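Spelled out from the first residue to the last, the chains are:
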Amino acid sequence: MGSYMVAEVLLLMASARFACADYHSHYYYMTLISDDPTPDFPSFTMRRTLDDITLMWYDSDDEVIERRVPWFKSPNLTLWLASYTFYQFQMVMQRTLLAIQNYRRHTKGYHILQQLEGCTLYDNGTAQASCHIHYDGKPFMYFNRNTVRWTAESPGDEKFVEIYNLNKTILEEIQYDLVNICIPHITTLLPLGNCTLNRKEAPVVKVTQVPIDNGTLRVHCRAYGHYPKDISIMWYKNGQQISEEMMERTTLPLLDLTYLTSLSFNVTSVPDDVYTCRVNHSSMPRGFTQDWTVTWDRSLEK
């Protein structure tokens with residue numbers, strides 16, 4: 001998370017308990033991409049999520065909300081009104097991107113603006129609320145819950161951000177949404193989503209190798225199709241656990257609302273070494289263990 005965590009604010013909430021996880025989250029993800037030769041028609045996507053499950057999807061191609069899970073209901077919004085609300089977010093993001101480009105004197109080329117807004121509710125009764133804006137992949141500004149103001153991530157952007165702090169009404173609206181609206185959304189949606197959020201899907205685990213160059217292999221331990229997302233994957237060399245700092249971990253969402261997680265690292269060919277992948281997941285009563293030894297097929301070299 002890194003700089004994303006800077007703007008997160010701990011809020012003391014009434015205790016709430018849910019069986020399926022230690023926490024629940026509700027976030028909006030907005031992405032606007034502008035590129036030549038059509039900078040006046042940037043591409044915009046927005047999705048609303050509960051515990052990483054996409055509830056609603058909107059993009060600038062169709063400008064109509066898509067419901068991504070059958071149980072999702074929004075009693076206060078019709079499809080037309082929700083689509084119009086997301087369209088307004090699209091317009092705000094376009095104006096913000098153009099303003100930042102002009103301020104930075106980046107009027108041409110590829111540029112991207114991203115906004116993350118939402119909250120996380122923990123089983124111990126605490127919560128985190130956050131609103132962050134990134135520009136061209138780097139933190140630009142975040143909403144400070146304590147001061148009810150936007151804060152620049154870089155001193156060079158403070159003059160620009162101060163313009164966004166002039167409208168007190170909008171600042172108060174952001175504060176109200178984060179504190180008073182976001183958490184009730186979680187508690188309302190969780191009972192509806194039990195069929196999706198409380199399920200357990202066991203992964204299929206595979207260990208594979210790919211030759212990189214003479215004497216070096218890339219070894220992967222992949223878990224396909226698991227839910228919930230949290231999973232433990234560890235590598236051992238001759239019985240000793242390998243530090244994850246030496247490896248690359250990747251987690252990707254799949255279209256069937258499950259996940260793919262991979263833990264990979266490079267191995268220098270030593271036939272006597274034995275590597276072991278161990279996987280544990282809440283859906284697996286006994287976990288999974290597979291040993292792997294170096295095999296080198298010269299015909300696979302590039």
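Described in the following lines is the structure provided in the data block. These numbers come from a predicted model, not from an experiment. (Residues numbered from 1 in each chain as written. Predicted model: local features only at pLDDT ≥ 70, side-chain atom pairs only at ≥ 80, totals over all residues. Heavy atoms only, no water.)

**Some points on the pairing of strand β7 (residues 126-135)**
Counting buried positions along β7 yields nine of ten residues, so the element is predominantly enclosed. With nine bridges joining them, strand β6 (residues 111-122) and β7 adopt antiparallel strand pairing. Across the sheet, residue L116 finds its bridge partner in β7, namely H132. Across four bridges, the pairing between β7 and strand β8 (residues 138-144) is antiparallel. Counterpart to I133 in the pairing with β8 is M141. Between β7 and β8, which pair antiparallel and follow one another directly, the connecting turn spans two residues, one of which, D136, has a positive phi of 50°. (Buried < 20%, exposed > 50% of the residue type's maximum accessible area, 1.4 Å probe, protein only. Helix = DSSP H or I, 4+ residues; strand = E, 2+ residues; numbered from the N terminus. Pairing = 2+ DSSP bridges.)

**Considerations on the sheet that holds strand β10 (residues 204-213)**
The strand order across the open sheet built from four strands is β10-β11-β15-β14, with neighbouring strands paired in antiparallel fashion. Each of the sheet's edge strands pairs with one partner strand only, and the pair in question is β10 and β14 (248-253). On average, adjacent strands in this sheet sit at an angle of 20° to one another, irrespective of strand direction. Summarising the sheet, β14 and strand β15 (residues 259-268) pair through six bridges and their orientation is antiparallel. The residue bridging T251 from the neighbouring strand is T261, located in β15. (Axes fitted to C-alpha atoms, helices over the stretch in contact; angles between N-to-C directions.)

**Considerations on helix α1 (residues 79-104)**
Under the 1.5 Å per step criterion, the end-to-end length of α1 is 37 Å for 26 residues, consistent within 8% with the ideal 38 Å. Listed in full, the buried residues belonging to α1 are A82, S83, F86, Q90, M93, T96, L97, I100 and Q101. Where α1 terminates, the next one or two residues include R105, which has phi positive at roughly 60°. (Expected span 1.5 Å × (residues − 1).)

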